[in-house]
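# Per-entry structural report
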Amino acid sequence: MQDFLFRNLLYVPAYQEKFIEKSLTVKPDAYIYDLEDSVPLPFKERARTILKSYINSGRLRGRIFVRINPLEQNMLKEDMEAVAYPNVTGFLLPKVNQVEDLTIFDRELAMMEEKRNLPVGYFKVMPLIETTAAVINVNQIANGSGRVIAMCFGAEDFVNDLLGTKDEDSEVLQFPRAAMVIAAKAAGILAIDTPYMAVHDEKGFLKEEMRMSRLGFDGVQLLSPRQIELANICFTPSEEEVKRSRKIIEAWENAAKDGTGVSMLDGKMIGPPMRKRAEKILKKWELIRTTHVEHDEG
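Residues numbered from 1 in each chain as written. Predicted model: local features only at pLDDT ≥ 70, side-chain atom pairs only at ≥ 80, totals over all residues. Heavy atoms only, no water.

### Quick word on the overall build of the protein chain
- Across its full length, the protein chain holds 12 helices and 10 strands.
- Expressed as a percentage of the 298 residues in the protein chain, the buried residues total 49%.
- Considering only intrachain contacts with a sequence separation of at least 6, the fraction spanning at least 24 residues in the protein chain is 70%.
- Counting only carbon and sulfur atoms, one obtains 52% of the accessible surface of the protein chain, whose full area is about 15100 Å². (Helix = DSSP H or I, 4+ residues; strand = E, 2+ residues; numbered from the N terminus. Buried < 20%, exposed > 50% of the residue type's maximum accessible area, 1.4 Å probe, protein only. Contact = heavy atoms within 4.5 Å. Areas by Shrake-Rupley, 256 points an atom, 1.4 Å probe, with all protein chains shown as cover.)

Take a look at the structure:
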């Protein structure tokens, strides 16, 4: 599967052109043009028409995803007909409660790919884990389709479904976050955190998302362009991590050349888990570097 860099995924409401125009001035790792929650029901068709126009204009750049409406709202065919075109990378599927929801969506995508003369599997999928049922079924969802490249957590809907209370420490979110991260990593896909709702609270964002990075999340959904650089701080390896990772790999390789079989760094043994972690950090660092080059050239 192609590597995806998703430190930040920026939501863009699709029912007003000013929002889409604004999105053209920033460069997140991925855009999520929204047909769902941010679009009032009377404006759904308007949103489809506007977004279709922009998609077909060729003005949209980068990784383009569309959050369609939930399957239960019976808008799937209208949404897909409007936005399933080759320059769209894939879709966020909200309210995925069970793996059967992915199966239904997978069939629809296959039909659209045939209609657009695209190879099967062209469109990627990111299920939104935002209900109690989804958390219970998260392992099956993570492995439910070869199209799935990441799972995104939706805290607000989850708390409402649970009838719980989201306090300052977000205690109610600890289990679902951990369950989703573990399921994602076991399936070899990315884990993306829920949006941080206080868009003007930079300190709060950094505190929360640094913690999510330590938990294992790869990135976070964003509600505002002002959060892009904050997300990059949280989900980009630090220079210190990169330097130490290079030293670990160098020490491991030197031990292999010397035939000692024992790798040491700063007086400590380097085991296979440390080497693997170092390789992952350097791989992400290289992905960030090459992605920046693509952005600059674009």
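### Brief notes about the packing of aromatic side chains
- Under the counting rule described, the total for this entry stands at 10 aromatic pairs.
- Ring plane angle 45° and centroid distance 5.5 Å describe the contact between Y15 and F43, whose orientation is recorded as tilted. With Y15 in the loop between β1 (8-13) and α1 (17-23) and F43 in the loop between β2 (30-34) and α2 (44-57), the pair connects residues that are 28 residues apart, well separated along the chain.
- The class of Y15 is buried, set by a relative accessible area of 14%.
- Relative to F123, the ring of Y122 has its centre 5.4 Å away and its plane inclined at 85°; by these criteria the two rings are edge-to-face.
- The structure contains a cluster of three or more aromatic residues connected by ring pairs, namely F91, F105, Y122 and F123.
- The cationic tip of R116 hangs over the ring face of Y85; the distance from NZ or CZ to the ring centre is 4.1 Å. (Phe/Tyr/Trp six-rings, centres within 6.5 Å; stacked < 30°, edge-to-face > 60°. Lys NZ or Arg CZ within 6 Å of the ring centre and 35° of its normal.)

### Quick notes on the sheet that holds strand β4 (residues 90-93)
- Sheet architecture is closed into a barrel: 8 strands sit in the order β1-β2-β3-β4-β5-β6-β7-β8, paired in parallel fashion. Between one strand and the next, the sheet's axes are offset by a mean angle of 25°, whatever the strand orientation.
- With 2 bridges joining them, strand β7 (residues 190-193) and strand β8 (residues 219-222) adopt parallel strand pairing. Within the sheet, the bridge partner assigned to I192 lies in β8 and is G219. (Pairing = 2+ DSSP bridges. Axes fitted to C-alpha atoms, helices over the stretch in contact; angles between N-to-C directions.)

### A few points about the packing of helix α8 (residues 174-187) against helix α9 (residues 202-215)
- It is the contact of α8 with α9, at a shortest axis distance of 10 Å, that shows an interaxial angle of 45°. The orientation of α8 with respect to α9, classified from their angle, is oblique. Only E208, R211, M212 and L215 of α9 make contact with α8, whose side of the interface consists of R177, A178 and V181.
- The residue inventory of the contact of α8 with α9, partitioned by class, reads 4 nonpolar, no polar and 3 charged. (Parallel < 35°, antiparallel > 145°, perpendicular 65-115°, else oblique. Nonpolar A, V, L, I, M, F, W, Y, C, P; charged D, E, K, R; others polar.)

### Things to note about the pairing of strand β5 (residues 124-129)
- Counting buried positions along β5 yields 5 of 6 residues, so the element is predominantly enclosed.
- The pairing of β4 with β5 spans 4 bridges and is parallel. Considered in β5, the bridge of G90 is made with K124.
- Assessed by its sense of winding, the connection that carries the chain from β4 through helix α4 (residues 99-115) to β5 is right-handed.
- Bridge count for β5 against strand β6 (residues 150-153) is 2 bridges, and the pairing is parallel. If you follow I129 over to β6, its bridge partner there is F153. (Right-handed = clockwise from strand over helix to strand, strands pointing away.)

### With respect to the side chain of E209
- Considering the arrangement of structural elements, one finds E209 in helix α9.
- The charged side chain of E209 is buried without a salt bridge, its nearest counter-charge being R177 at 4.7 Å.
- Apart from residues no more than four positions distant in its own chain, E209 is found in contact with D193, T194, Y196, V220, C234 and F235. (Lys, Arg positive; Asp, Glu negative; His and termini not counted. Salt bridge = Lys/Arg side-chain N within 4 Å of Asp/Glu carboxyl O.)

### Here's the deal with the pattern of salt bridges
- Applying the stated criterion across every chain, the model contains 18 salt bridges.
- One salt bridge in this structure joins E36 and R67, with 3.2 Å as the shortest N-O distance. Separated by 31 residues along the polypeptide, E36 in the loop between β2 and α2 and R67 in strand β3 (residues 64-67) bring together distant segments of the chain.
- The salt bridge involving K185 is made with D218; its shortest N-O contact spans 3.7 Å. Of this pair, K185 sits in helix α8 while D218 sits in the loop between α9 and β8, placing them 33 residues apart in sequence.

Shape descriptors only; they carry no functional weight alone.
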